[in-house]
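Next come the chains, spelled out residue by residue.
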Amino acid sequence: MKNRKKGNQWKRTLFAALAACIITVIALSGVLGRPDRWLEDVLFQRPEAVSGEVVVIGIDEKALEVFGPYNTWDRTIMAKALRMLNSDSAKKPAVVAIDTLYSGETDPVADAELAQAAAELGNVITAASAEFGENLIRAENGGYTLDSYALLGFEESYPALKEVTGQGHINAMYDTDGIMRHAVLYIDLEDEKRVYSMAEQAAEAYLQATGGELVLPETDKKGRFYVPFTGEPGAFYDEISLADLIAGEVPADYYAGKIVLIGPYAAGLQDAVVTPIDRAKQMYGVEFQANVIEALLNGNYKHEVSDLVQALILLLVCFGLFMLFYNMKVLHFSLLSLAAILLSSAGSVLLYDKGYILHPLWLPVGVLAIYLLSIGHHYIVARAEKQKITRTFERYVDPEIVGEILKEGTESLSLGGKLCDIAVLFVDIRGFTTMSERLSPTEVVAVLNKYLDMTSNCISRYKGTLDKFIGDATMAFWGAPLPQEDAVYHAVLAALAIIQGAEEISEEVKEITGEELHVGVGVHYGPAVVGNIGAQRRMDFTAIGDTVNTAARLEANAPGGKVYISRNVADQLQGRIRVTSLGNTVRLKGKSDGFEVLLLDGLTEE
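Residues numbered from 1 in each chain as written. Predicted model: local features only at pLDDT ≥ 70, side-chain atom pairs only at ≥ 80, totals over all residues. Heavy atoms only, no water.

### Regarding unusual backbone geometry
Thought 1: Positive phi values are uncommon outside glycine, yet Gln270 reaches one of about 55 degrees.
Thought 2: Its location among the elements puts Gln270 in the loop between strand E11 (259-264) and strand E12 (272-275).
Thought 3: Phi at Lys463 takes a positive value of approximately 60 degrees, unusual for a residue other than glycine.
Thought 4: Mapped onto the elements of the fold, Lys463 is located in the loop between helix H15 (441-461) and strand E17 (465-470).
Thought 5: The exposure class of Lys463 is partly exposed, given its relative accessible area of 27%. (Helix = DSSP H or I, 4+ residues; strand = E, 2+ residues; numbered from the N terminus. Buried < 20%, exposed > 50% of the residue type's maximum accessible area, 1.4 Å probe, protein only.)

Here it is, written out as structure tokens:
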């Protein structure tokens, strides 16, 4: 027994470990990538009130109507905008960042005018841009490797403008699902020069102007960091057009002491991205910059927990839950699974607020997978238990009773019994020992098998439970393991059928061996203990008690071809059977005087 339990424990542990490993490998494979990112966006990216320290002035449809198509603008237009921001020296912006690229010299007059306006305003950040692509790199061993993130080119402001402004790159990089969740903090050029982003330069200049200090976020190998968005598309834009600024229609109080972002805000300028805070609506690049600046100013950085660490957590949780669910009831582990899924989702949100990003779908999917595996395991175990019940009882019990036992489960198979009222039948061949001496062993076995097959068929026909064969005797009972309607009547019907069956067999046996076969039957009704009786290693489903002994005594005294019953049986079937009382003429061993024995003559005509 101990070895069996130990074997089951090892089997359970091995299966739990295998299931947990498979789920973990699936999570690491990236199959859950897109739905996981979608859930991450839903749970983590929640709009908040913007600080008001960043304002956007758009190169919008109005500006395009006033100044014409953007590709026809000369640089004097932006110079006029910078001069308007510098019109009140007491109410200048803290920082101005221009989210558009001014590379290469065009008109010397316009170029000089823009550079002069930027110099006079001060704290102006202009854009730079890098081009990335694939490139073959020669290795030390003479071979080549493919660099898919190679720097192919770099553009920055023309010299006069670069000399009087800060430089910040405006590169952005989508995640693999086409959503922009990360900002590129810096780009490393070939001369080991590091160029920070426009957002970083603007945030640093603003904090220096206001007495603060910028703490940079951790980045991945490509210089990227996760952006917790503050505002949805349109949150930073108050519909202030560059045309309004140049026309003097924007009060200086609106931008005084703030970070002013100037950039494209029109669909035709093709500067819009899809962000996690609102996948259905594109966000203009200048507002993406505003969100990055807000994150930098707030120091609201998130640490993306390593996939390996999360995989280890997933592995342990799945293993532990499977071990826990193994012997737990389905309802209980269903509720526990639901609680675990809700708790893991709530926990991922709580950890996000604390600065840690987890894959929010990994644990819920892992728990769900373990739940489904546990359901499957319980189903298999239940089927095995039903098969066990069927194999145990189908040799003894009527199929309808087996069906009822299957509904109750395997508890009835445990060692022990219960007290119930049953009808007990015993049948035995009269003179079987003498017959055996006159017949060959082969003939004895043939006669015995034919007789026992007949008795078991009669018992099954009338929904009885075949208890056992004892040599040439057969024991059966009715009313257990489940209550039966009219159990005593069915026992009597089986007894009469056995007498009739014995007469038919006797004729066959006489023709072959010359011997006659006669049986005696006894039936009694009363209380008995029914159940699995015996030891853990060997048990029998049987009935014990005085009722069983009395039925055996009745059978032992019944002549061949006769059925003896007790007064209890006769009283149960009053008006339905014909009997002859034998009074005190038959004395049963172990029974006191006055125990009435009756001869069953047959059924009433009704």
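### Focus: the pattern of salt bridges
Thought 1: According to the stated counting rule, one finds 22 salt bridges in the structure shown.
Thought 2: For Arg224, the salt bridge is made with Asp175, and the minimal N-O distance between the two is 3.7 Å. On the criterion of sequence distance, the pair formed by Arg224 in strand E9 (residues 224-226) and Asp175 in the loop between strand E5 (166-169) and strand E6 (182-184) is long-range, its members being 49 residues apart.
Thought 3: Assessed through its relative accessible area of 17%, Arg224 is described here as buried. (Salt bridge = Lys/Arg side-chain N within 4 Å of Asp/Glu carboxyl O.)

### A few points about the packing of aromatic side chains
Thought 1: Across all of its chains, the model carries 13 aromatic pairs by this definition.
Thought 2: For the ring pair Phe229 and Phe288, a centre distance of 5.9 Å and an interplane angle of 45 degrees mean the geometry is tilted. Of the two residues, Phe229 is situated in the loop between E9 and strand E10 (237-241) and Phe288 in helix H9 (residues 285-298); the sequence distance between them amounts to 59 residues. Considered together, Phe229 and Phe288 belong to a single accessibility category, that of buried residues.
Thought 3: Through pairs of rings, three or more aromatic residues link up here, namely Phe15, Phe322 and Tyr326.
Thought 4: A cation over an aromatic ring shows up here: Arg194 above the ring of Tyr186, its NZ or CZ 3.7 Å from the ring centre.
Thought 5: A cation sits over an aromatic face here: Arg576 above Tyr489, 3.9 Å from the ring centre. (Phe/Tyr/Trp six-rings, centres within 6.5 Å; stacked < 30°, edge-to-face > 60°. Lys NZ or Arg CZ within 6 Å of the ring centre and 35° of its normal.)

### A few points about the side chain of Asp111
Thought 1: Structurally, the position occupied by Asp111 is in helix H5 (residues 108-121).
Thought 2: Overall, the relative accessible area of 5% leaves Asp111 in the buried class.
Thought 3: Reaching out from Asp111, the side chain makes a polar contact with the side chain of Arg75 at a distance of 2.8 Å.
Thought 4: Within the structure, the side chain of Asp111 is placed 2.8 Å from the backbone nitrogen of Thr106, a separation counted as a polar contact. (Polar contact = N/O pair within 3.5 Å; in protein donor to acceptor, adjacent residues only side chain to side chain.)

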